Amino acid sequence: MQDDRKTGEEAPRVGGVFAAGGEGSRWAGTEKLVSGLNGGLNITHEAADRHVAAGYGAQTAIRWLGKDGSRRELSYAELAAVSSKFANLLRQHGMRQGDSVFSLMGRVPELYACALGTLKAGMVYTPLFAAFGPEPVRTRLEIGEARVLVTTAALYRRKIAPFRDQLPSLKLVLVTGGEAPEGCVALEPALERAGDQFETVRTGAEDPALVHFTSGTTGKPKGVVHVHGAVVYHAYSGRIALGLEPGAVYWCTADPGWVTGTSYGIIAPLVNRVTMIVDEAEFDLERWYGIIGRERVEIWYSAPTAIRLMMRAGADAAAAFDFSSLTFLASVGEPLNPEAVEWSGKVFPQPFHDNWWQTETGGIMIANLPGMEVKPGSMGKPLPGIVAAILREDSGGLTECGAGETGELALRPDWPSVMRGYLHEEERFAKCFAGGWYLSGDLATRDADGYYWFVGRKDDLIKTSGHLIGPFEVESALIEHPGVAEAAVIGVPDATAGEIVKAYITLNPGYAPSDALEREVRGHARKRLGAAVAPRSVLFRNTLPKTRSGKIMRRLLKARELGLPEGDISTLESDET
Ligand code: ATP
Ligand code: MG
C-alpha cells in the first residue's frame with residue numbers, strides 16, 4: 001500500500017504516539033492509557049487481548065441486537081479469539097502486513113471480527129457503507145487497492161460480481177451469512193476451521209491501520225489514512241468526551257461505513273472496556289427508544305439527523321419509554337440546532353451534547369464534555385491538549401480572529417489521531433496545512449468564554465449585500481417554526497445583492513405546503529434574523545439530499561439551482577424533491 005505521508009514542512013509533526021507523548025509534550029501521559037505491545041502498538045491488542053490478559057475476558061464486549069429480534073453476546077475473550085481466527089484466515093490466503101482489507105456489510109457481529117482481525121494481522125482496514133451503489137464501491141476498492149473484501153452473497157452479486165474483473169488487486173472475497181457465490185469463500189466455515197491463537201503483529205505507532213473515506217459532502221470523497229498510534233487518542237477522547245468508563249453500557253448509532261462507526265463504534269469503546277450495544281436495524285423511533293430502556297443504555301452517541309427525526313415525532317411519542325438509565329448523550333456529524341438541544345433536554349434526563357470532528361481528525365476535537373455547561377448551538381470547547389484557533393487570511397498570512405469573529409477553524413496538527421495522508425492525493429493533503437495549522441475547511445467563531453460556534457462549511461458561506469451569512473444560523477431559525485422539520489440554506493446569485501438566501505425545508509406531520517405557509521415561514525425567519533439575512537424564498541421538499549452519513553448536501557441543491565453539473569454524488573442517499 002502506498003504511504004502518502006507528507007514529509008514537507010507543513011505536514012503533521014507527530015512522530016507517533018510515543019514521540020508525541022514525550023516529556024514536555026501536551027500529550028505526555030496519554031501513552032499510559034494503552035499497554036503497548038513489547039515496544040509496538042496495535043489497536044486490536046488494546047481493544048481486546050489486553051483486557052483478556054487482565055482478567056476481563058468474561059465481560060460482554062458486544063451485545064448485538066438482530067433485526068429479527070435475535071440477540072448475540074460476544075465477550076472480550078470471544079472477540080480476542082474470533083479476531084485471531086480472522087487474522088489466521090487472512091494469513092492462510094497469503095495476505096501480508098500492509099495489505100488492504102475492505103468490508104461491505106451492515107452491523108453484523110462478523111464486522112467486528114473482520115475489523116479487529118485485520119488490525120491484529122497488521123493489515124489496513126476500510127469499511128464501506130453497505131448501501132453504496134456498485135460504482136461508489138468499485139471506485140473505493142480501486143483507490144484503496146483492496147486485496148480482500150468481506151461482504152454478503154447478495155451484496156456481492158449486485159455490487160461486485162459485475163465488475164470484479166476490473167479489480168485486479170482483489171484476491172479474496174469472503175462472504176458472510178450463507179453460501180458463497182463462485183469465486184468467493186464462505187466466511188463462517190472458514191473461521192470455524194481457523195486457529196484461535198495468533199501472535200498479534202507488533203505494528204508501530206506510525207504503521208497504517210485504517211483508511212476511511214470522507215462523507216463526500218463537499219466533493220469527491222478522500223481516502224484518509226490513519227495509523228495504529230491513533231488508538232491513544234481514541235482511548236483518551238472516548239474517556240473524557242463521552243465518559244466511556246470500563247463496564248459502562250454504551251450505544252453508538254453510527255453506521256460502520258463512516259468514521260464515527262470505527263473510532264467511536266469500535267475502537268474507543270473497546271479500548272475503554274465498555275459493553276457496546278450494536279443494533280443491526282436502521283433508525284426506527286420505537287425500536288430505538290425501546291432499546292434504551294431494555295438494555296439500560298447509559299451513554300448514547302448519535303447524530304443530528306436522527307435527533308431531528310425524534311423531534312419530528314414529538315415528545316408524546318417518547319412518553320411511554322424509560323430513559324432513566326441514560327447518563328450522557330452526545331451528537332456529531334452536523335451542527336446540532338439549539339432547538340434540538342433544548343428539546344432533548346426536556347425528553348431525556350439530559351440534553352444531547354454536541355461535538356465536532358472530521359474523518360481527517362480521527363477523533364473528537366471540540367466537545368461539550370460531560371459536566372460542562374452547555375450553550376445550545378455551540379460545539380463546545382477544544383478537548384484538553386487540543387489547540388484550536390479561528391483564522392483569517394490577510395496580507396501577512398494567517399492571523400487569529402478575535403472573539404466573535406468568523407474565520408476558518410484550525411488545529412495544531414500534533415494530536416495522535418491526525419490523518420497521515422489522503423490516498424494518492426498528496427497535493428490535496430498538503431493544502432490542508434499552512435502556517436503550522438491544520439485547516440478544517442469549516443467556518444466558526446469563538447466567544448469570550450472559549451466556546452466554539454459552527455457557522456458553515458467554507459464552500460457554503462453566503463455573501464449578501466455586504467453580509468456574510470452562515471447557513472447554520474438561518475437553518476436553526478427556520479426549524480424553530482413549529483411546521484419546519486429540517487432546513488437547508490444556500491446562496492443564489494443576484495444582480496444587486498451579490499447572493500440571496502434561498503431555503504429548502506421539509507415539514508412536520510400536520511403541515512402541508514402552501515403559499516400561506518411559505519409566507520409565514522419567511523415572516524418567522526425575518527423576525528428572528530432580520531430582512532438582510534432571512535431567506536427570500538422557501539421551497540418545500542419531501543426530503544433533503546443527504547449523504548449516507550446523514551449530512552445535508554447543500555452543494556447539490558446549489559448545483560441544481562444554478563444548472564451546473566452535480567459533481568460526485570456517490571454518497572448521496574435520500575433525495576426526493
Ligand atoms: P467531505 O470532506 O468529503 O466533503 P465531510 O466533510 O462531510 O465530507 P466527514 O469527515 O464525515 O466528511 O464530516 C466532517 C464534517 O462534518 C466537518 O468538517 C463539519 O463540516 C461537519 N460536522 C461534524 N460534526 C459537526 C458538528 N458538531 N457541528 C457542525 N458540523 C459538524
Ligand atoms: Mg470534510
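Computed from a predicted model, the values in this text were never measured in an experiment. (Residues numbered from 1 in each chain as written. Chains lettered and ligands numbered in written order. Predicted model: local features only at pLDDT ≥ 70, side-chain atom pairs only at ≥ 80, totals over all residues. Heavy atoms only, no water.)

This part takes up the pairing of strand S9 (residues 223-227). The element S9 is largely enclosed, with a buried count of 5 among its 5 residues. Pairing analysis gives 5 bridges linking strand S8 (residues 208-213) to S9, with the strands arranged antiparallel. Residue Val211 lies in a different strand from S9, and its bridge partner there is Val225. (Buried < 20%, exposed > 50% of the residue type's maximum accessible area, 1.4 Å probe, protein only. Helix = DSSP H or I, 4+ residues; strand = E, 2+ residues; numbered from the N terminus. Pairing = 2+ DSSP bridges.)

Here, the residues flagged by UniProt with the feature "domain: AMP-binding enzyme C-terminal" (unreviewed entry) are residues 473-551. When the span residues 473-551 is considered, its composition is 28% helix and 32% strand, and the gap between its end C-alpha atoms is 16 Å. (UniProt positions renumbered as here; feature names shortened; annotations may be inferred.)

Below, the discussion takes up the layout of surface pockets. Volume-wise, the largest pocket comes out at about 1000 Å³. In terms of lining residues, the largest pocket is bounded by 47 residues, among which Asp255, Glu282, Phe283, Arg548 and Glu573 are the most central. Broken down by secondary-structure element, the contributors of at least two residues to the lining of the largest pocket are helix H6 (153-160), strand S12 (299-302) and helix H11 (304-313). Per element, the largest residue contribution to the lining of the largest pocket is 4 residues, and it comes from H11. For the lining of the largest pocket, a count of residues per class yields 21 nonpolar, 16 polar and 10 charged. Formed jointly, the lining of the largest pocket draws a minimum of three residues from each of two domains, domain 1 (30-282) and domain 2 (461-574). Of the volumes computed, that of the second largest pocket is approximately 880 Å³. Contributing to the lining of the second largest pocket are 40 residues, with Lys222, Gln358, Ser440, Asp442 and Arg457 lying nearest its centre. Secondary-structure elements contributing two or more residues to the lining of the second largest pocket are helix H9 (259-271), strand S14 (352-356), strand S22 (437-446) and strand S23 (452-457). Counting residues per element, the lining of the second largest pocket draws most heavily on S22, which supplies 5 residues. Along the lines of polarity and charge, the residues of the lining of the second largest pocket split into 13 nonpolar, 13 polar and 14 charged. (1 Å grid on protein atoms, 1.4 Å probe; cavity = no way out; pocket = protein on both sides within 12 Å on 5 of 7 lines; lining within 4 Å. Points joined across faces, edges and corners; volume = space filled by probe spheres on them. Nonpolar A, V, L, I, M, F, W, Y, C, P; charged D, E, K, R; others polar. Domains from an automatic or database assignment.)

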